[in-house]
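Descriptive analysis of the structure
Here is what each chain is made of, one letter per residue.
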Amino acid sequence: MRLLTHNMLACNIKGVTKGFPLAIEVTKLETKESEMNPDFLRHIYPKLDWKALHDAAHTLGLNDIPEQVEPAMLEDEDFLQKFHHALLEVHLEEGALICPETNRRFPVTKGVPNMLLNEDEV
Amino acid sequence: MKLKQLESCLGDVTQFSSPKVELEQYPTGPHIASRMLFMAENSFGDITGRLVADLGCGCGTLGIAASLLDAGYVVGVDVDGDALALAQENCEEFEVEMDFVQASLSELPLQGLHVDTVIMNPPFGTRRKGADMEFLAAALKVAGTAVYSLHKSSTRTHIQRAAVRDFGAKTADVLCELRYDLPASYKFHKQKEKDIAVDLWRFTK
């Protein structure tokens, strides 16, 4: 699971109103290189919750994602490379996602977050 | 990539060895999958460089097809852990990168408008009534631009009405009618093979 996926996952337990962003518990990370696509990054940028990405990247030890971004930075090769790396190259292989409201823990195993709810949570 | 190439590639996707009846895990054959994705990209530009979600991805056929057509990012969602493990193996085989989330479509944990395009081959709702509608509702909730889906042609009027009236679709169009060549996967299938007429739909938001 990459941080782009984290940026769209929310806790869906019935009654939870602030289920986003999920906190991350890291047990194992993996980095897999992939080709950078600047147009895709510019396409995705306005859809992202930047603070959630910044905080998640920080948890994963990626400290070069700035807290705030100006659209002009999307023309800067160096910034795009860091953005691409944090969003699409670092994979959370083992760990957990934690609901900010209830502290419910969703385990991540072999890269897949298990977001299934129990009967009493639906 | 040409349509024929895509179809031939998708023939190599490993299918379920023991499909689960209650989840209606019918495989999406290479013929249908390749036409669905090819049309989404060539007629509408909804795949290449886009964020794509494959809902009820099963062994990953549609998501892999989207990756082969250079989607910017693909996420597959399925309730079944065994299906997701198989889908991951298929991705490794094809050397494509997909993320996966194990979740139920009725409580989809994806937020609003992040994904551009949803592609899916939902259950027909013959084993569990309403399963097809649950998928459609979820898809129209998360898709920012378009949803591509397969439904039995016999349910055409119902799908059209539900999509526009109940699930907020702006348009609902049948792009083409396909033959779903369903191998006799389960014991209750009496005939060896059965052709079912299905519609390829495109819904927009």
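Here we summarise the structure given alongside this text. Please read all numbers here as calculations on a predicted model, not as lab measurements.

A separate point is the overall build of chain B. Tallying secondary structure elements over chain B gives six helices and seven strands in all. In chain B, the succession of helices and strands from N to C terminus is α-α-β-α-β-α-β-β-α-β-α-β-β. Relative to a compact globule of 205 residues, whose C-alpha radius of gyration would be 17 Å, chain B shows 15 Å and is just as compact. Expressed as a percentage of the 205 residues in chain B, the buried residues total 55%. Element-wise, carbon and sulfur atoms account for 48% of the exposed surface of chain B, whose accessible area totals about 8,700 Å². In chain B, which carries 21 positive and 28 negative side-chain charges, the distance between the mean positions of the two groups comes to 10 Å.

Before going further, it helps to spend a moment on the overall build of chain A. Helix and strand counts for chain A stand at four helices and four strands. Across chain A, helices and strands are ordered from the amino to the carboxyl terminus as α-β-α-α-α-β-β-β. Its C-alpha atoms give chain A a radius of gyration of 15 Å, near enough to 14 Å, the size a compact globule of 122 residues would have. C-alpha atoms of chain A, sized along the principal axes, occupy 50 × 30 × 20 Å. Scored against the burial criterion, the 122 residues of chain A give a buried share of 50%. Counting contacts in chain A only where the partners sit at least 6 residues apart, residues at least 24 apart contribute 66% of the total. Of the roughly 6,200 Å² of accessible surface on chain A, 46% is carried by carbon and sulfur atoms. Taking the average place of the 12 positive charges on the side chains of chain A and the average place of its 21 negative ones, the gap between the two points comes to 7 Å.

For the rest of this paragraph, the subject is the interface of chain A and chain B. With 28 residues of chain A at the interface, the matching set in chain B holds 26 residues. With both chains or domains summed, chain A and chain B bury close to 2,300 Å², and 57% of this area falls on carbon and sulfur atoms. Linking chain A to chain B there are three salt bridges. Counting the contacts that link chain A with chain B gives 11 residue pairs in polar contact (both at pLDDT 80 or more). With three residues, the top contributor of residues to the side of chain A that touches chain B is helix 2 (residues 38-44) of chain A. When grouped by side-chain class, the residues that make up the side of chain A that touches chain B number 16 nonpolar, seven polar and five charged.

Turning to the sheet that holds strand 2 (residues 90-98) of chain A, a few remarks are in order. What links the strands of a sheet is backbone hydrogen bonding, and the strands pair in either a parallel or an antiparallel sense. All names here are of chain A. As summarised here, the arrangement of the four strands in space is 1-2-3-4, forming an open sheet in which the pairing is antiparallel. Strands with a single pairing partner mark the edges of an open sheet, and in this sheet they are strand 1 (23-31) and strand 4 (112-113). Direction of pairing for strand 1 relative to strand 2: antiparallel, over a ladder of eight bridges. Among the inter-strand pairings, Thr31 is bridged to a residue of strand 2, identified as Val90. Across the sheet, helix 4 (residues 77-89) touches strand 1 and strand 2, and the angle it forms with strand 2 is around 60°.

Now for the nonpolar core. Counting 69 residues, the largest nonpolar core has A:Leu4, A:Phe83, A:Leu97, B:Leu55, B:Val118 and B:Phe203 as its most contacted members. Residue contributions to this core peak at seven residues, all from helix 5 (residues 131-142) of chain B.

Let us now look at the side chain of A:His6. Residue and element names in this part refer to chain A. Mapping His6 onto the fold places it in helix 1 (residues 3-6). A relative accessible area of 2% places His6 in the buried class. Each residue touching His6, except ones within four places of it in the same chain, is listed here: Met1, Phe20, Pro21, Leu22, Ile24, Ala52, Ala56 and Leu97.

For the rest of this paragraph, the subject is the pairing of strand 1 (residues 51-55) of chain B. All names here are of chain B. Among the five residues in strand 1, five count as buried, and that is most of the element. Taking every second residue as pointing to the same face, both faces of strand 1 are buried, with Leu51, Ala53 and Leu55 on one and Val52 and Asp54 on the other. As defined by bridge partners, strand 1 adjoins strand 2 (residues 73-78) across five bridges and the pair is classed as parallel. Note on strand 2: the bridge partner recorded for Val52 is Val74. Where strand 1 meets strand 4 (residues 115-120), four bridges bridge the pair, whose relative direction is parallel. Residue pairing across strands places Ala53 opposite Val118, the latter belonging to strand 4.

About the thresholds
Residues numbered from 1 in each chain as written. Chains lettered and ligands numbered in written order. Predicted model: local features only at pLDDT ≥ 70, side-chain atom pairs only at ≥ 80, totals over all residues. Heavy atoms only, no water. Helix = DSSP H or I, 4+ residues; strand = E, 2+ residues; numbered from the N terminus. Rg over C-alpha atoms; globule rule 2.2 N^0.38 Å. Buried < 20%, exposed > 50% of the residue type's maximum accessible area, 1.4 Å probe, protein only. Areas by Shrake-Rupley, 256 points an atom, 1.4 Å probe, with all protein chains shown as cover. Lys, Arg positive; Asp, Glu negative; His and termini not counted. Charge placed at Lys NZ, Arg CZ, Asp CG, Glu CD. Contact = heavy atoms within 4.5 Å. Buried area = accessible area lost by both parts, 1.4 Å probe. Salt bridge = Lys/Arg side-chain N within 4 Å of Asp/Glu carboxyl O. Polar contact = N/O pair within 3.5 Å; in protein donor to acceptor, adjacent residues only side chain to side chain. Nonpolar A, V, L, I, M, F, W, Y, C, P; charged D, E, K, R; others polar. Pairing = 2+ DSSP bridges. Axes fitted to C-alpha atoms, helices over the stretch in contact; angles between N-to-C directions. Core = buried A, V, L, I, M, F, W, Y, C linked by side-chain atoms within 4.5 Å.

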